[in-house]
Protein chains: 2
Amino acid sequence: MPKNSLSHEAEEKILKAARTVFIKKGYKGATTRDIAAEAGITSPLLNYYFRSKENIFSIVYERAFNSLYSNVYHTIMGDASLFEKIPALVDGLMKELVENPDVPSFIFNEVTRSPEKLVERFRSKMHLLEAYRDFSDSVYAEVEKGTIRPVRPITLLINIQSLCIYPFLARPLLCEISNISIREYMKILARRRDEIIEMIEKDIRIK
Amino acid sequence: MPKNSLSHEAEEKILKAARTVFIKKGYKGATTRDIAAEAGITSPLLNYYFRSKENIFSIVYERAFNSLYSNVYHTIMGDASLFEKIPALVDGLMKELVENPDVPSFIFNEVTRSPEKLVERFRSKMHLLEAYRDFSDSVYAEVEKGTIRPVRPITLLINIQSLCIYPFLARPLLCEISNISIREYMKILARRRDEIIEMIEKDIRIK
DNA sequence: TGTATTTTCAATCATTCGCTTAAAACTTCT
DNA sequence: AGAAGTTTTAAGCGAATGATTGAAAATACA
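Small disclaimer: the values here were computed from a predicted structure and weren't measured.

1. What to know about the interface of chain B and chain A
Working step 1: Between chain B and chain A, the contact holds 51 residues from the first and 51 residues from the second.
Working step 2: Summing the contributions of chain B and of chain A, the shared interface buries around 4,600 Å²; its carbon and sulfur component is 70%.
Working step 3: Interface area lost by chain B to chain A is led by Y166, L173 and I177 of chain B, which between them contribute 17%.
Working step 4: At the boundary of chain B with chain A, the tally comes to zero salt bridges.

Shown next as structure tokens:
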């Protein structure tokens, strides 16, 4: 088993390679030989550091999941106003997505492949549930104040996530149908932040 | 090679089984033995009807793709007004999605696995490109009339697709975080049609 | 009944894949 | 120098998988 800092670098090199391969090919599509090749090492060394393919995958997946959910959802915790939380959430999501546009497709692939693992994962992520409760409270507070129309918190969350995440998932399809280059398409997405916030608020606000 | 109508029934039985297995496990995750078992036949019979796994898959995929795109996109062809096309598109998408909620995840998995096939597929689907052009024309027409603010057609299409399709993709995640049962969640989605249309129109309309 | 078609069965073949072994070479630190 | 840890090489095991073969049933049809 590896112990010093040198081996730690190697571990990270392998994990980075594994991330690349897993995102491109999915769990079943990726082979340990692929990952070893991408990392520039030999296959026995993979088993020297991580005992199994599943082991490597779960680390890669955990990180991807956290980058898109756990980290971002801290922005809707606490008792800030809904009108502070919405921009913060959209902002966090869009920044993460522009940097890692392939993460959503990776996550949803895996969720479909084994949804039972998701339940397990959520059990160890109580802060996500807390975040959602805090978000709900902020929604109900505004409804009672009469500043927004009655709306389910989950509906609001669905709309926000949809407008932020889907364009990255469907990028190949939408580029093809609209005959726009990937570069141009990504530019459009990068400018969506304000549009999304405005659209969401216009939908719920009572003026 | 099969020739009569009896064998045609068998073909459909196999394709239905293949669809079930491919949607649940993806291309790589599904084995020909899985499909044979699901169809209640033996594995050599698979090769008797369809020569290869890839062969079966491409038929299943083609049908899934058409059900969500080609068929639905007929609703935005022609020179109808944008305010007729938007409800028609949302309606077509939502009806299809409520009936087959797992199709989007299946399609996007495959698009990620081999995007090069998508380009090829679009070449044989010129009517999709036509549909998008017609949709664009309807958008520009309204902008010139001053009934809607200047908006890119692709942005509008992104928003509509996002609000319709994403909730089905992220169903497991959103159910888990909001602690809503799948049944309850699907009920909410079924009622989204009008909300989405209103949201989209409110976003672009100049009153 | 006779002929062609469809389906089953058992047995594999060749390939790929995850993983392991064993021995050697290289590096790092004491 | 010596010990401990790290990496490479070569070889390959056992299992799963896509695909196939060949012969026998079962079925349909004329």
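There is more to say after this.
2. A few points about the side chain of S162 of chain B
Working step 1: Within the secondary structure layout, S162 of chain B lies in helix α9 (residues 153-169).
Working step 2: Judged by its relative accessible area of 0%, S162 of chain B is buried.

3. Quick look at the relation of the copies chain B and chain A
Working step 1: Relative to chain A, chain B is turned by 180° and slid 0.0 Å along the rotation axis, the superposed coordinates differing by an RMSD of 0.0 Å. Classification of the inter-copy transformation places it as that of a two-fold axis. When each C-alpha of chain B is compared by its distance to the rotation axis, S162 of chain B comes out closest, at 2.5 Å.

4. Some points on the confidence of the model for chain A
Residue and element names in this part refer to chain A.
Working step 1: On average, chain A scores 92 in pLDDT, and the residues at 70 or more come to 96%.
Working step 2: Per-element confidence in chain A is highest for helix α9 (residues 153-169), whose mean pLDDT is 98, and lowest for helix α7 (residues 115-123), whose mean pLDDT is 83.
Working step 3: Between residues 1-6, whose pLDDT stays under 50, and residues either more than four places distant or in other chains, the model counts five contacts.

5. Structural notes on unusual backbone geometry
Residues and elements named next belong to chain A.
Working step 1: Although it is not a glycine, N179 sits at a positive phi angle of roughly 60°.
Working step 2: Its location among the elements puts N179 in the loop between α10 (171-178) and α11 (182-190).
Working step 3: Here N179 falls in the exposed class, since its relative accessible area comes to 71%.

6. A look at empty space enclosed by the protein
Taking a probe equal in size to a water molecule and rolling it over the atoms shows the remaining empty space.
Working step 1: Going through the model one piece at a time under the given rule, you end up with four cavities of 30 Å³ or more.
Working step 2: Taken together, 28 residues make up the lining of the largest cavity; nearest its centre are G26 and N109 of chain A together with K25, G26 and N109 of chain B.
Working step 3: Residue composition of the lining of the largest cavity, by class: ten nonpolar, eight polar and ten charged.
Working step 4: Counted as a void, the second largest cavity has a volume near 50 Å³.
Working step 5: Counting only elements with at least two residues in the lining of the second largest cavity, the list comes to α12 (192-204) of chain A together with α9 of chain B.
Working step 6: In terms of residue count, the dominant contributor to the lining of the second largest cavity is α12 of chain A (four residues).
Working step 7: When grouped by side-chain class, the residues that make up the lining of the second largest cavity number two nonpolar, two polar and four charged.

7. With respect to the environment of K202 of chain B
Working step 1: Inspection of the secondary structure puts K202 of chain B in helix α12 (residues 192-204).
Working step 2: Along the chain, K202 of chain B and I148 of chain B lie 54 residues apart, while their C-alpha atoms are 9.6 Å from each other.
Working step 3: Every residue in contact with K202 of chain B, bar those within four places of it in the chain, is listed here: K202 and D203 of chain A.

8. A word on the packing of α9 of chain A against α12 of chain B
How two helices pack is summed up by the angle between their axes together with the distance between the axes.
Working step 1: Packing of α9 of chain A against α12 of chain B brings their axes to within 13 Å, and their N-to-C directions diverge by 55°. Relative to α12 of chain B, the element α9 of chain A is oriented oblique. The handedness of the crossing between α9 of chain A and α12 of chain B is right-handed. Two secondary-structure elements touch here, α9 of chain A through T155, I158, N159 and L163 of chain A and α12 of chain B through R192, E195 and M199 of chain B.
Working step 2: Residue composition of the contact of α9 of chain A with α12 of chain B, grouped by class: three nonpolar, two polar and two charged.

9. Regarding a positive patch on the surface
Working step 1: Positive charge collects at one region of the surface, where R152 of chain A together with R183, K187 and R191 of chain B lie side by side.
Working step 2: For K187 of chain B, the location among the structural elements is in helix α11 (residues 182-190).

How each quantity is defined
- Sequence positions are assigned chain by chain, starting from 1 and proceeding in written order.
- All chains are assigned letters beginning at A, and all ligands numbers beginning at 1, according to the order in which they are written.
- Local features in a predicted model are, by the rule used here, given only for residues with pLDDT of at least 70; side-chain atom pairs are given and counted only at 80 or more, and totals for whole chains, interfaces and linings are based on all residues.
- Excluding hydrogens and water, the side-chain figures rest on all heavy atoms present in the structure.
- Contact criterion: two residues are considered in contact whenever any of their non-hydrogen atoms come within 4.5 Å of each other.
- Simply put, the buried area is the total loss of 1.4 Å probe accessible area from both parts when two parts are fitted together.
- Each reported salt bridge corresponds to a side-chain nitrogen of Lys or Arg within 4 Å of a carboxyl oxygen of Asp or Glu.
- Under the DSSP-based scheme used, a helix requires at least four consecutive residues in state H or I and a strand at least two consecutive residues in state E, with every element numbered from the N terminus.
- Relative accessible area decides the class of each residue, using a 1.4 Å probe on protein chains only: under 20% of the type maximum gives buried, over 50% gives exposed, and in between gives partly exposed.
- In superposing the copies, a least-squares fit is computed on C-alpha atoms, taking residues whose pLDDT is at least 70 in both.
- Here pLDDT means the predictor's own confidence in every residue, given as a number from 0 to 100.
- Residues are called lining when one of their atoms sits within 4 Å of a cavity or pocket point, these points coming from a 1 Å grid over the protein atoms alone, where a cavity is a set in which a 1.4 Å probe fits but cannot get out and a pocket is an open set with protein on both sides within 12 Å along at least five of seven lines.
- Grid points are joined across faces, edges and corners, and a volume is the space filled by probe spheres set on the points.
- Gly is put with the polar residues, along with every residue not named as nonpolar or charged; the nonpolar set is Ala, Val, Leu, Ile, Met, Phe, Trp, Tyr, Cys and Pro, and the charged set is Asp, Glu, Lys and Arg.
- Lines fitted to the C-alpha atoms define the axes, with helices restricted to the stretch that makes contact. Angles between their N-to-C directions range from 0 to 180 degrees.
- Orientation is classified from the angle alone, with under 35 degrees giving roughly parallel, over 145 giving roughly antiparallel, 65 to 115 giving roughly perpendicular, and any other angle giving oblique.
- Each crossing is labelled by how the near helix is turned from the far one, with a counterclockwise turn of less than a right angle marking it left-handed and a clockwise turn marking it right-handed.
- Patches here are clusters of residues that have more than 30% relative accessible area and form no salt bridge, with a 9 Å joining cutoff for like charges and a 5 Å cutoff for nonpolar side chains (Val, Leu, Ile, Met, Phe, Trp, Tyr).
- Accessible surface area values rest on a Shrake-Rupley calculation with a 1.4 Å probe, where residue burial reflects the displayed protein chains alone.
- In this count, Lys and Arg are taken as positive residues and Asp and Glu as negative ones, while His and the chain termini are left out.
- Charged groups are reduced to one reference atom each: NZ for lysine, CZ for arginine, CG for aspartic acid, CD for glutamic acid.

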